[in-house]
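# Structural characterization, general
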Amino acid sequence: LLLSNGCHVNAAAGGATALHRASYSGAVATMKLLLDDPTCDLLARDTSFGDQASPLHKACAGGRYLAVQLLLDDLKARSQLGTAVSMRDSTGRAPIEVAKDKQQRAEDESRSVVRWNSVAGGEPNWGRCVQVRGWINTRYSILILNCYSG
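Residues numbered from 1 in each chain as written. Predicted model: local features only at pLDDT ≥ 70, side-chain atom pairs only at ≥ 80, totals over all residues. Heavy atoms only, no water.

## Points about the nonpolar core
Residues Leu19, Met31, Cys40, Leu42, Leu56 and Leu71 are the most contacted members of the largest nonpolar core, which totals 20 residues. If you list the elements that add at least two residues to this core, you get helix H1 (18–25), helix H2 (28–35), helix H3 (55–62) and helix H4 (65–77). Counting residues per element, this core draws most heavily on H4, which supplies 5 residues. If sequence neighbours within four positions are ignored, Leu56 has contacts with Val68, Leu71, Leu72, Leu75, Ala84, Val85 and Pro95. (Core = buried A, V, L, I, M, F, W, Y, C linked by side-chain atoms within 4.5 Å. Buried < 20%, exposed > 50% of the residue type's maximum accessible area, 1.4 Å probe, protein only. Helix = DSSP H or I, 4+ residues; strand = E, 2+ residues; numbered from the N terminus. Contact = heavy atoms within 4.5 Å.)

## Some points on the pattern of salt bridges
Considering all chains together, one arrives at 7 salt bridges under this definition. Put simply, Arg93 and Asp89 hold a salt bridge, and the shortest N to O gap is 3.2 Å. Arg93 gets classed as partly exposed once you look at its relative accessible area, which sits at 21%. A salt bridge links Arg93 to Asp101; the nearest nitrogen and oxygen atoms lie 3.0 Å apart. Here the salt bridges share partners, and the residues they tie into one network are Asp46, Asp51 and Lys58. (Salt bridge = Lys/Arg side-chain N within 4 Å of Asp/Glu carboxyl O.)

## Quick word on the side chain of Ser23
Along the chain, Ser23 turns up in helix H1. With sequence-adjacent residues up to four places away left out, Ser23 is seen in contact with Met31, Pro55, Lys58, Ala59, Arg64, Ala67 and Leu71.

## So, H4
A turn of α-helix holds 3.6 residues, and therefore any two residues three or four places apart point the same way. Between its first and last C-alpha atoms H4 spans 18 Å; for 13 residues at 1.5 Å apiece the expected length is 18 Å, and the two agree. Among the residues of H4, Ala67, Val68, Leu70, Leu71, Asp74 and Leu75 are the ones counted as buried. Projected down its long axis, H4 carries its buried residues within an arc of 165°, all on one side. In H4, the exposed positions angled more than 90 degrees off the buried face are occupied by Tyr65, Leu66, Lys76 and Ala77. Ser79 occupies a position one or two residues after H4 and carries a positive phi of about 60°. (Expected span 1.5 Å × (residues − 1). Arc of directions from axis to C-beta.)

## Brief notes about the packing of H3 against helix H6 (residues 95–120)
Contact pair H3 / H6: the axes reach a minimum separation of 8 Å and the direction vectors enclose 15°. Considering the angle they form, H3 stands roughly parallel to H6. Between H3 and H6 the crossing geometry is right-handed. Taking contact as the criterion, the partners of Leu56, His57, Cys60 and Ala61 in H3 are, on H6, Pro95, Val98, Ala99 and Lys102. (Axes fitted to C-alpha atoms, helices over the stretch in contact; angles between N-to-C directions. Parallel < 35°, antiparallel > 145°, perpendicular 65-115°, else oblique. Left-handed = near helix turned anticlockwise from the far one by under 90°.)

Here's what the structure looks like:
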């Protein structure tokens, strides 16, 4: 709708294009619409967070493998694949390095959660929390009624 009403595919509101945002979130249908425009810049740099990331960096950072695959296919079709995979963000990382860093962080966090769960008595159980809260509300209501009636 926006593209058909004159919005430019490479408009960078706040420093990021729609392709950056869609790539990070894995909005593949939106990405396809944007990539249908031959002027869509697959090598644009996102300046909104100072990371200078390309859409491929963003898809890797978001862990969105379908977005990564779509970008790789389109980059290859446009003869930009070599440039895209070797681009560096502001920290000097190529897209694959961003994905590896995120994967390592996720694995570290997972190990940390497992350790914490063993200390805390098991995995989180929000259903039980709701049940306990319901029990407390019931008991609290009875206590208030007893106080006012007695």
